[in-house]
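As a plain string of letters, each chain reads:
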Amino acid sequence: MRQNPSFTLADVTEIRRVIDANPWTTIVSNGPDGLVSSHYVALLDDDRDDLTIVGHVGRPDDLIHGMGERELLVVFQGPHGYISPGWYGDVRAVPTWNYTAVHLAGVPEILSDEENLAVLDRLVDRFEGRMPEPRRMWERPNDPAFVTRLASGTVGFRLTPTRVVAKRKLSQNKSAETVETVIAELEGDGPYAHPGLAAEMRRAHEARTGGHR
């Protein structure tokens, strides 16, 4: 991802927020047969306050990616959407796409079976906990043998990134008035309405202006 000083996201707390809110990732590596990508959930490591993440891949994706042997690129994609030039008013303009993305790269550490089970347990709790009647990993009708057998088909990993590129392209190069107009369009009911993207733009705009409109 090409970085642009106007759109750089460097605050670790904000990067962690983006990762936590958007855990569905694209994992990319460059193997003997060329580039390969997979899609998995990854979470921030509970035991760290940096950008270390934990997750898992299904076998044989661990072999395809050379897990533990070569560098991985893990991409987190935040809210994104189309921005019409008509929202800028009667000025020369072209369409664009606003987005937030975080790229973490490094060689992952392979987790032990016990660590992998703990991560899988946490993944289930994270998402199932929102259900009205959560089905936890260890609850009936699951039993320990079933859970252990399924877990054995996965490989857990921990990635402490050695390279981080985070970008928040949310109309920071536009005037405050234009930003407000774009946010209003995204909050509306048009074909490209996107309240989540509007909220990200509001957050970025207020951070840049010190919370003043």
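Just so it is clear, the model here is predicted, and its values are computed rather than measured. (Residues numbered from 1 in each chain as written. Predicted model: local features only at pLDDT ≥ 70, side-chain atom pairs only at ≥ 80, totals over all residues. Heavy atoms only, no water.)

## A short note on the overall build of the protein
Secondary structure assignment for the protein yields six helices and eight strands. Each helix and strand of the protein, ordered N terminal to C terminal, gives the series α-β-β-β-α-β-β-β-α-α-β-β-α-α. If you line up the protein on its principal axes, its C-alpha atoms span 65 × 45 × 30 Å. Here the protein holds 213 residues, and the buried ones make up 42% of them. Of the contacts made within the protein by residues no fewer than 6 positions apart, 70% connect residues no fewer than 24 positions apart. Just so you have it, the protein exposes about 11,900 Å², and 52% of that area is on carbon and sulfur atoms. Within the protein, the 31 negative side-chain charges are centred at a point lying 5 Å from the centre of the 24 positive side-chain charges. (Helix = DSSP H or I, 4+ residues; strand = E, 2+ residues; numbered from the N terminus. Buried < 20%, exposed > 50% of the residue type's maximum accessible area, 1.4 Å probe, protein only. Contact = heavy atoms within 4.5 Å. Areas by Shrake-Rupley, 256 points an atom, 1.4 Å probe, with all protein chains shown as cover. Lys, Arg positive; Asp, Glu negative; His and termini not counted. Charge placed at Lys NZ, Arg CZ, Asp CG, Glu CD.)

## Regarding the packing of helix H5 (residues 176-187) against helix H6 (residues 195-209)
Across the interface, H5 lies against H6 with an axial gap of 8 Å and an inter-helix angle of 160°. One element, H5, and the other, H6, form an angle in the roughly antiparallel class. Where H5 crosses over H6, the two elements pack in a sense that is left-handed. Across the interface between the two elements, Ala176, Val179, Glu180, Val182, Ile183, Leu186 and Glu187 of H5 pack against Pro195, Leu197, Ala198, Met201, Arg202, His205 and Arg208 of H6. (Axes fitted to C-alpha atoms, helices over the stretch in contact; angles between N-to-C directions. Parallel < 35°, antiparallel > 145°, perpendicular 65-115°, else oblique. Left-handed = near helix turned anticlockwise from the far one by under 90°.)

## Considering the pattern of salt bridges
Under the criterion given, the structure shown has 14 salt bridges. Asp20 is paired through a salt bridge with Arg126; the nearest N and O atoms lie 3.3 Å apart. One end of the pair, Asp20, is in helix H1 (residues 12-21); the other, Arg126, is in helix H3 (residues 113-128), with 106 residues separating them in the sequence. Residue class for Asp20 comes out partly exposed when judged on its relative accessible area of 38%. By relative accessible area, which is 29% here, Arg126 ends up partly exposed. In this structure, the salt-bridge partner of Arg136 is Asp125, at a minimum N-O distance of 3.3 Å. One end of the pair, Arg136, is in the loop between H3 and helix H4 (144-151); the other, Asp125, is in helix H3, and eleven residues separate them in sequence. The structure contains a network of salt bridges with shared partners spanning Glu14, Arg17, Arg168, Glu200 and Arg203. (Salt bridge = Lys/Arg side-chain N within 4 Å of Asp/Glu carboxyl O.)

## What about the sheet that holds strand E6 (residues 109-110)?
Ordered in space as E6-E7-E3-E2-E1-E4-E5-E8, the eight strands form an open sheet in which the pairing is antiparallel. Strands at the two margins of the open sheet, each flanked by one partner only, are E6 and strand E8 (163-169). Judged from the eight bridges that link them, strand E1 (residues 24-31) and strand E2 (residues 34-44) form a sheet pairing that is antiparallel. Its bridge partner lying in E2, Asn30 is registered against Leu35. Contacts from H6 reach strand E4 (72-83), strand E5 (96-106) and E8, with the element oriented near 100° to E4. (Pairing = 2+ DSSP bridges.)

## Description of the packing of aromatic side chains
The full count for this structure, using the stated rule, is two aromatic pairs. Centre to centre, the rings of Tyr82 and Trp97 are 6.1 Å apart; their planes meet at 65°, and the pair counts as edge-to-face. Here the residue Tyr82 occupies a position in strand E4, and Trp97 occupies one in strand E5, the gap between them amounting to 15 residues. Tyr82 sits in the partly exposed class, given a relative accessible area of 22%. Here the aromatic rings of Tyr82 and Tyr192 are separated by 4.6 Å at their centres, their planes lie at 45°, and the arrangement is tilted. A residue pair is termed long-range when its members are at least 10 positions apart, and Tyr82 in strand E4 and Tyr192 in the loop between H5 and H6 qualify at 110 residues. Put simply, the rings of Tyr82, Trp97 and Tyr192 pair up and form one aromatic cluster. Above the plane of the ring of Phe7 lies Lys169, whose end atom (NZ or CZ) is 6.0 Å from the centre. Positioned over the ring face of Tyr88 is Lys174, at 4.5 Å from the centre of the ring. (Phe/Tyr/Trp six-rings, centres within 6.5 Å; stacked < 30°, edge-to-face > 60°. Lys NZ or Arg CZ within 6 Å of the ring centre and 35° of its normal.)

By themselves, these figures tell us nothing about what the structure is for.
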